[in-house]
Amino acid sequence: MAKKKIDEDALAEAYNRALALEKAGDIDAAVSAYEEVLAIDPEDHGGAAVRIASMGRGETPVKAPDAYVETLFDQHAEVFEDVLVEQLGYHVPALVRQRLQALGLGPFKRMLDLGCGTGLTGSTLRDIVEDITGIDLSENMVEVAHEKDIYETLFVAEVEDFLDDNDEEAFDLITATDVLPYLGALEPLFFGAADNMTPGGLFIFSSETLPDAIFAGRPYMVGAHQRFAHAEAYVRERLKETGFELIEISDINVRMQEGQPTPGHLVIARRLAD
């Protein structure tokens with residue numbers, strides 16, 4: 001079936017109008033405008049569904065739309081590291097390495113770096129892993145990572161799809177740093193990771209969180225910056241249900257956003273034998 005051609009002018013007009021209304025605090029009108037955006041572009045390259053959810057309206061999506069994540073990272077691939085590390089103070093890969101060393105874990109044979117981006121986590125752990133595979137939805141990100149010669153194998157793929165389809169040899173380390181802010185429901189990721197791991201293998205990931213009062217019993221929600229936050233209880237429960245034992249969950253600052261720290265968790269879990 002041929003793809004419906006998007007009316008780019010109408011899309012830009014509706015999206016800019018929605019942003020302006022959101023900024024002005026006219027939530028009802030902003031939601032209506034974002035709904036227009038979705039009608040013009042059902043694949044949602046601009047992340048309208050996530051923006052609606054961040055304003056506390058509509059259904060919370062189970063994940064950010066693939067088209068949105070791909071567009072976002074394709075646009076920022078060239079400046080990604082500078083923005084993330086220098087401007088947003090993102091140091092999660094270094095925290096991963098510190099915790100592995102402190103706990104005396106590693107070295108590893110095969111690592112799968114989910115949402116590898118430009119290779120920040122891969123390069124941080126390169127000397128303690130024999131073979132690293134990187135996955136990212138953004139082709140531009142993967143090109144930047146490829147130029148660095150960190151990974152033995154790189155794929156352009158959506159994380160959950162890759163885990164579902166992969167039939168390569170199992171991994172004894174799977175990392176997902178800065179992946180959960182684009183996912184709501186965690187079952188596909190956790191089950192997928194478990195299916196691709198050796199028993200006893202480690203699964204390490206970061207997540208963003210909010211105070212329990214804001215979650216009000218919800219397992220996850222879209223926060224003010226259009227990124228998913230997860231309740232700690234939900235993360236713990238889902239790990240247990242998908243075949244992992246928790247080794248450690250640490251409170252971290254994931255990144256700075258508008259001068260404020262973003263609270264989150266760094267989680268290290270071990271895959272139990274079946």
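The preceding data block contains the structure.
Attention in this report is confined to the structure presented alongside it. Nothing here was measured: the structure is a model prediction, and the numbers come from that model. (Residues numbered from 1 in each chain as written. Predicted model: local features only at pLDDT ≥ 70, side-chain atom pairs only at ≥ 80, totals over all residues. Heavy atoms only, no water.)

Looking at the overall build of the protein
Link 1 in the chain: Along the protein, the regular secondary structure elements total 12 helices and 9 strands.
Link 2 in the chain: For 274 residues, the compact-globule estimate of 2.2 N^0.38 gives 19 Å, and the C-alpha radius of gyration of the protein, at 19 Å, lies within 12% of that figure.
Link 3 in the chain: Expressed along its principal axes, the backbone C-alpha trace of the protein runs to roughly 55 × 40 × 40 Å.
Link 4 in the chain: Across the 274 residues in the protein, those meeting the buried criterion constitute 51%.
Link 5 in the chain: If you take every contact in the protein between residues at least 6 apart in sequence, the share linking residues at least 24 apart comes to 62%. (Helix = DSSP H or I, 4+ residues; strand = E, 2+ residues; numbered from the N terminus. Rg over C-alpha atoms; globule rule 2.2 N^0.38 Å. Buried < 20%, exposed > 50% of the residue type's maximum accessible area, 1.4 Å probe, protein only. Contact = heavy atoms within 4.5 Å.)

A closer look at empty space enclosed by the protein
Link 1 in the chain: Per the counting criterion, the structure on display carries 1 cavity of 30 Å³ or more.
Link 2 in the chain: Space inside the largest cavity adds up to approximately 370 Å³.
Link 3 in the chain: The set of elements that each furnish at least two residues to the lining of the largest cavity consists of α4 (66–76), α5 (80–87), α7 (120–125) and α9 (159–165).
Link 4 in the chain: When residues in the lining of the largest cavity are grouped by element, the largest group, 3 residues, is from α4.
Link 5 in the chain: Class assignment for the residues of the lining of the largest cavity results in 15 nonpolar, 4 polar and 7 charged. (1 Å grid on protein atoms, 1.4 Å probe; cavity = no way out; pocket = protein on both sides within 12 Å on 5 of 7 lines; lining within 4 Å. Points joined across faces, edges and corners; volume = space filled by probe spheres on them. Nonpolar A, V, L, I, M, F, W, Y, C, P; charged D, E, K, R; others polar.)

Observations regarding α4
Link 1 in the chain: For α4, the complete set of buried residues consists of A67, Y68, V69 and F73.
Link 2 in the chain: Looking at the buried residues of α4, the elements they touch are α5 and α8 (139–148).

Thoughts on the side chain of S54
Link 1 in the chain: Structurally, the position occupied by S54 is in helix α3 (residues 48–54).
Link 2 in the chain: Side-chain polar atoms of S54 contact the backbone oxygen of R51, separated by 2.9 Å.
Link 3 in the chain: Residue contacts for S54: discarding those within four places in its chain leaves E22, V222, G223 and Q226. (Polar contact = N/O pair within 3.5 Å; in protein donor to acceptor, adjacent residues only side chain to side chain.)

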